[in-house]
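Descriptive analysis of the structure
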Amino acid sequence: VVDIFVAGIKGMLIANRRLDNQVKTYITYNKGRDWRLLQAPATDLAGNDIHCILPFCSLHLQLQTSENPYLSGSISTKASAPGIIVATGNIGSELSYNNVGMFISSDAGNNWRQIFEEEHNVWFLDKGGALVAVKQPTVPTRHLQISFDEGRQWTRHSFSLVPLFVDGMLVEAGTENQIMTFFGHFSHRSEWQLIKIDYKSIFNRKCTEGDYQTWHLHNKGEPCVMGQKQIYMKRRPGNYCMLGKDYAKVLSAESCICRAHDFECDYGYERRREGNCLPAFWFNPAVVSRSCSQGQKYLNSTGYRRVVSNNCIKGVKDMYTPRKQMCPNRAPKGLSLSTREGTLTADLHTNVTFLVHLDEGDSMRTNIQLDFGDGTAVSYSNLSWIEEGIRHIYKTAGIFRVSALAENTLGFDTTTLYLHVTCPVEHVQLLAPFVAIKNKEVNLTAVVWPIHSRTVTYFWWLGNSTEPVISLDGSISYTFTSEGMNTVTVQVSSANTILQDTKTIAVQEFFKSLLLSFSPNLDEYNPDVPEWRQDVGRVIKKALLQVSDQLLVAVFPGVPTAAELFLLPHKNQSEGRKKSEEELEQISEILASALNQNLVEFELKPGARVIVYITQLTLAPLVDSSPRHSSSAMLMLLSVVFLGLAVFLIYKFKRKIPWINIYAEVNQEKEQEMIGSVSQSDSTPKITLSEFSTAKEVMEKEMDPRVKRKIHT
């Protein structure tokens, strides 16, 4: 909502309001008590009829005031020229910044006329007796326009030999020295220019009594505005006379008889559709100040109050004026709140009965409000109505602040209890990184289902600790200080249920990792369950390495299917860290070379072969900071049914790394063909048929029995 006060007329405002995603302009004559749309002009500048029917079509105004005090902005009013409003706007169903024009009202917004088709700055001269207009300063101009009949006719005058970007105008006050000063610049690089214009010569004399006329302020014909009939004096449009110092714009103001539109809703009351002011849901009209003592009187609101600055008299004034009443005998005291069972816990989706007790106070006239803390509240006007208790069902678990309020016309009393609404935990899942860097902080998160709010206690066993870390938050940060496989266990306690989940994290000073992707046909058979991902990771690990503690495999949840190989250093690093890092670098280069040449594949089921690719090679040591390394994507809930995975085929390896073994599911002819193709390349390590067979036998010994049975089948 954007409000603009109309200068010179109290209680009159123009506002832009958003309603149903449309911004429209409204006007009020009683300080916001009643609003209506602006009636559009009947004709345009050319005299053509404008068919604009309320409420579907109306006039809408831009109500931005200028940051430059020497420009008029999009709307201009002046206290010395009451009733004259000049504004930029448009005609239609809503406010728009297209097809705008300049409009003027000479009778305080009741009727409007269009004066320009383009935006102008408009200033008031001689207390509104003349209007000066200059185009917006986006383009230079040499001309100004003056109107002496409130914008009906304009005369054009040249004020500069060179077009000027007008940045503002200052009108100097005083009847003996009528000067207006334009300031601006000829170009964006030129210095400031000042042009002074003495406009005294355009007025040939001072105004006499015959040059004035009376104007009655009204609201669509209603003469009483803000409780008064106001008559103004203003110069007759078209008279070229100058107003004197003793010019008085208000001729008379006569008070009107009070009517309903002179009153607005009092504090705590709101107007309903039928037009009556009724108490808002949060307000209790029976509450009085604590200073109200027995035997004294206080003013009890009727729900209405006269609009501020309204000067109406008599009429319905007595009916809407607050009435004097005696202060009540006793204020509520000793309010208490409890559950029927006397406990501060309750089960989810079960009835909870609250008991309210009051030691002192007029229970027959005391209003009781009970807020259950979950967005629901009830109110009773008589304490005896709730002697059996108030029942409520909570739909979510959590700790709820339940408050009771007892109040009457003398005072109030409040009390509060905190109720724990719980439900059993059905599942807990620990989210932890698969590999962590030694002495580097990692995040551990326990996800519980169903979701609980502040009613779950978490017990964390980290590494070899014998005492748990206890928290009310499902996430903690921890730093592992020793290398190796570290176990993390979290227990979740809610109501009478305790569940736990355990994860193993490999902690190293450094490691290498390879991000893997697969040919798209694997996604067609991906059930996206943890067990399936675990079996895929196990087969990859079994196919690549016999030394299992040096390789960890993580298959990410979701599709497209992706995985990550973690290459860990030997447990016994006798050669030192540098040597181990070089060894990991060599291993990762071998694996990357095989993956880049699409030499790694496995048979998902007969006729469906899957190729494994390398996606990205990370630099060691890899800090556990990305989402995939620090949350659920790295947790690798690896476990379920294997859907007929076969074995990886790796066709190249370097013999100097003894713990890489290769298996190929090919017949004798295929083996010979393979060896021959490999031998043709001088840059590729060569293997003999006997070496290949030896590697095959070793792989069969290490193979998972389930995979072996499928291969034989």
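As annotated in an unreviewed UniProt entry, the protein chain carries the name VPS10 domain-containing receptor SorCS3-like and is attributed to Salmo trutta. Looking at the protein chain in UniProt, the text filed under Subcellular location (unreviewed entry) is "Membrane". Under the heading Sequence similarities (unreviewed entry), UniProt records this for the protein chain: "Belongs to the VPS10-related sortilin family. SORCS subfamily."

The sheet built from 4 strands is open, its strands ordered β10-β11-β12-β13 with antiparallel pairing. Among the strands making up the open sheet, the edge pair consists of β10 (120-125) and β13 (155-158). On average, each strand axis in the sheet is inclined to that of its neighbour by 30 degrees, with strand direction left out of account. As paired elements, β10 and strand β11 (residues 130-135) share 6 bridges and run antiparallel to each other. Looking at β11, one finds that Leu 125 is bridged to Ala 130.

The subject of this paragraph is the side chain of Asn 90. Within the secondary structure, Asn 90 is located in strand β7 (residues 85-92). Using a relative accessible area of 4% as the deciding quantity, one classes Asn 90 as buried. Other than its neighbours up to four places away in sequence, Asn 90 contacts Ser 58, Leu 59, His 60, Leu 95, Ser 96, Asn 98, Asn 99 and Phe 103.

Under the definition given, this model contains 5 disulfides. In this model, Cys 52 is linked to Cys 57 through a disulfide, with the two sulfur atoms separated by 1.9 Å. Handedness here is read from the sign of the S-S torsion; for Cys 52 and Cys 57, about -105 degrees, the answer is left-handed. The side chain of Cys 224 participates in a disulfide bridge whose partner is Cys 256; the two sulfur atoms lie 2.1 Å from each other. Between Cys 224 and Cys 256, the S-S torsion sits near -95 degrees, and that sign places the bridge as left-handed. Of the two residues, Cys 224 sits in strand β19 (residues 224-225) while Cys 256 sits in the loop between β22 (250-255) and β23 (263-265), which places them 32 residues apart along the sequence. For the pair formed by Cys 224 and Cys 256, the shared burial category is buried.

It is worth spelling out the pairing of strand β29 (residues 336-339) at this point. Burial along β29 is one-sided: Leu 337 and Thr 339 are buried, and none of Ser 336 and Ser 338, which face the opposite way, are. Inspection of the sheet shows β29 paired to strand β31 (residues 351-357) by 4 bridges, in the antiparallel sense. The partner of Leu 337 across the bridge, within β31, is Val 356.

Looking now at helix α3 (residues 577-596). The α-helix advances 3.6 residues per turn, and as a result positions three or four apart in sequence lie on the same side. An ideal rise of 1.5 Å per residue puts 28 Å on 20 residues; α3 measures up with 28 Å between its terminal C-alpha atoms. Within the span of α3, buried status applies to Ser 580, Leu 584, Ile 587, Ser 588, Ile 590, Leu 591, Ala 592, Ala 594 and Leu 595. Following α3 by one or two positions, Asn 598 adopts a phi angle in the positive range, close to 55 degrees.

On to empty space enclosed by the protein, then. Counted by the stated rule, this structure contains 3 cavities of 30 Å³ or more. Approximately 170 Å³ is the volume found for the largest cavity. What lines the largest cavity is a set of 20 residues, and nearest its centre among them are Gly 128, Gly 129, Glu 150, Lys 234 and Arg 235. Listing elements by their share of the lining of the largest cavity, those giving two or more residues are β11 and β20 (228-235). Counting residues per element, the lining of the largest cavity draws most heavily on β20, which supplies 3 residues. The residue makeup of the lining of the largest cavity, split by class, is 10 nonpolar, 5 polar and 5 charged. Domain assignment of the residues forming the lining of the largest cavity places at least three in each of domain 1 (2-202) and domain 2 (209-255).

Definitions and cut-offs
- Residues numbered from 1 in each chain as written.
- Predicted model: local features only at pLDDT ≥ 70, side-chain atom pairs only at ≥ 80, totals over all residues.
- Heavy atoms only, no water.
- UniProt positions renumbered as here; feature names shortened; annotations may be inferred.
- Pairing = 2+ DSSP bridges.
- Helix = DSSP H or I, 4+ residues; strand = E, 2+ residues; numbered from the N terminus.
- Axes fitted to C-alpha atoms, helices over the stretch in contact; angles between N-to-C directions.
- Buried < 20%, exposed > 50% of the residue type's maximum accessible area, 1.4 Å probe, protein only.
- Contact = heavy atoms within 4.5 Å.
- Disulfide = S-S within 2.5 Å.
- Expected span 1.5 Å × (residues − 1).
- 1 Å grid on protein atoms, 1.4 Å probe; cavity = no way out; pocket = protein on both sides within 12 Å on 5 of 7 lines; lining within 4 Å.
- Points joined across faces, edges and corners; volume = space filled by probe spheres on them.
- Nonpolar A, V, L, I, M, F, W, Y, C, P; charged D, E, K, R; others polar.
- Domains from an automatic or database assignment.

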